[in-house]
Amino acid sequence: MNTFFLEYRDPLFGIIIFFVIIFVITFFSYWWGRYKSKEDHRHLSKFLRQFRSLPSQEELQVMISGGELSEKSWIILAQSYTRNGDFEKAIEIYNELLKLGNSINHKETLFLLGRTYFKAGFLERAKQVFLEILKNNPRTPQALHYLLLVYEYMRDYKSALEVLEPLDEMKKDIESDAAYLKSLALLNDLKMSDDIKAQKLLEIYRESYQLTHLVFEYLFRVDPKLAWSNFDSSKGELITDILWHLDTESLDLDIITNNGFLRELYSARGDVSLANQSFMFELDILINLKQKSNVTLNFEYVCDSCKQTFPFAFNRCSSCHTIDSSRIELGLTKDYYRDCSEEYNSFQ
Ligand SMILES: [Zn+2]
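Residues numbered from 1 in each chain as written. Predicted model: local features only at pLDDT ≥ 70, side-chain atom pairs only at ≥ 80, totals over all residues. Heavy atoms only, no water.

A. Structural view of the packing of aromatic side chains. As enumerated under the stated definition, the model contains 19 aromatic pairs in all. An aromatic cluster is defined as three or more aromatic residues linked by ring pairs; in this entry it consists of Y205, Y209, F216, F220, W228 and F231. (Phe/Tyr/Trp six-rings, centres within 6.5 Å; stacked < 30°, edge-to-face > 60°.)

B. Summary view of a negative patch on the surface. Taken together, the side chains of D173, E175, E203 and E207 present a region of like negative charge at the surface. With respect to the helices and strands, D173 occurs in the loop between α8 (157–169) and α9 (175–187). (Patch = residues over 30% accessible without salt bridge, like charges linked within 9 Å, V, L, I, M, F, W, Y side chains within 5 Å. Areas by Shrake-Rupley, 256 points an atom, 1.4 Å probe, with all protein chains shown as cover. Salt bridge = Lys/Arg side-chain N within 4 Å of Asp/Glu carboxyl O. Lys, Arg positive; Asp, Glu negative; His and termini not counted. Charge placed at Lys NZ, Arg CZ, Asp CG, Glu CD. Helix = DSSP H or I, 4+ residues; strand = E, 2+ residues; numbered from the N terminus.)

C. Up close: the nonpolar core. Counting residues in hydrophobic clusters, the biggest one holds 89 residues, and the most contacted among them are F130, F220, W228, L243 and Y266. Element by element, the count of residues in this core is highest for helix α7 (residues 141–153), at eight residues. Here F130 is in contact with F111, G114, R115, A143, Y146, L147 and V150, once residues within four sequence places are set aside. (Core = buried A, V, L, I, M, F, W, Y, C linked by side-chain atoms within 4.5 Å. Buried < 20%, exposed > 50% of the residue type's maximum accessible area, 1.4 Å probe, protein only. Contact = heavy atoms within 4.5 Å.)

D. Inspection of the coordination of the zinc ion at higher detail. Taken together, the protein ligands of the zinc ion are C303 (SG), C306 (SG), C317 (SG) and C320 (SG), with distances of 2.2 to 2.3 Å. For the zinc ion, the four donor atoms in the first shell make angles of 107 to 114° at the metal, a pattern classed as tetrahedral. Donor residues for the zinc ion, ordered by position in the chain, follow C-x2-C-x10-C-x2-C. You can see C306 sitting in the loop between β1 (295–303) and β2 (309–310) and its partner C317 sitting in the loop between β2 and β3 (326–334), a full eleven residues away along the chain. Residue classification places C306 among the partly exposed positions, given a relative accessible area of 28%. (Donors = N, O, S within 2.8 Å, 3.2 Å for Na, K, Ca; no water. Tetrahedral: all angles 85-135°; square planar, octahedral: opposite > 155°, others 65-115°.)

E. Quick look at helix α4 (residues 87–99). In this model α4 runs 18 Å from its N-terminal to its C-terminal C-alpha over 13 residues, within 8% of the 18 Å that 1.5 Å per residue would give. All of the buried residues in α4 are K89, A90, I91, E92, I93, Y94, E96, L97 and L98. Residues of α4 that are buried sit in contact with α2 (57–66), α3 (71–83) and α5 (106–120). (Expected span 1.5 Å × (residues − 1).)

F. Fine view of the sheet that holds β2. An order of β2-β1-β3 is seen for the three strands of this open sheet, with the pairing classed as antiparallel. Each end of this open sheet is capped by a strand with a single partner; those strands are β2 and β3. As judged from the two bridges shared by β1 and β2, these two strands associate in the antiparallel manner. Residue pairing across strands places V302 opposite T309, the latter belonging to β2. Seen against the sheet, helix α16 (residues 281–289) touches β1 and β3 and runs at an angle of roughly 170° to β1. (Pairing = 2+ DSSP bridges. Axes fitted to C-alpha atoms, helices over the stretch in contact; angles between N-to-C directions.)

In structure tokens:
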């Protein structure tokens, strides 16, 4: 019986106890290591989650009124929200800042709030904010400028033109804005006939020779003969896209024959054969292809003021709000229209 039990004085008993203690310590330290690593991971995730989600309105209220950051820091934060397109959060910050009775940048914050409302498309709210600024500070050109834009976007051209008066008194350049707003007011007048609109547009055009694209887009659409009779050969490149898309029956061959740019443009399109080459790369390629390939022109519009590129024509840049800053850039693309019409003809 004694052979099955070890006495505590037996050296083998001591060795077994030693290994058991080592096993327990190893197991415990392994378990503790796993537990700590899990805890650290959970803590870090929780910490990082705070920065991934935006603070709620209540949290913002507490933080702004608690003065944890300076007003300037909150404005910088709101502007970065605006840049990322999170207008709602920027608006919440500006509104909370304006609630502070002792705000040192009240007027500036109000202006930034109005600008953010405008960018976010809340035109009525933007209008109220700019009117509020102008009530106390009527000679604030930036607020007047944005109020003009708000009225323009709301298609209230009469009010927009009224805003030009104080800007004029402050010796600001209003010539382009005046011509543009008058032209928009004409084009959106539902009671006026197309003929009278065309004549009045030409009158505005002759005052400053601006808005070439806007005026000739309308003239070539409603009265190509009138457009050609007022065509300024030096400005042909400004309306390349309009000229390129004209119907064949709307072309004036006499004017085309007597103008170098038009000869190249319509030779490239295949209407005439009056040019063998062009200094413009795209036109030169099309002239040399002689309609043997399904290639046509495409157009991009670059703002000369802010260098933004747009796929569509514009008269006022939606980014920097400059008028008449559009420059057309030509490109070559596959002629899908010709592809389709050839396929259609092959079925007949
Ligand atoms: Zn621009």
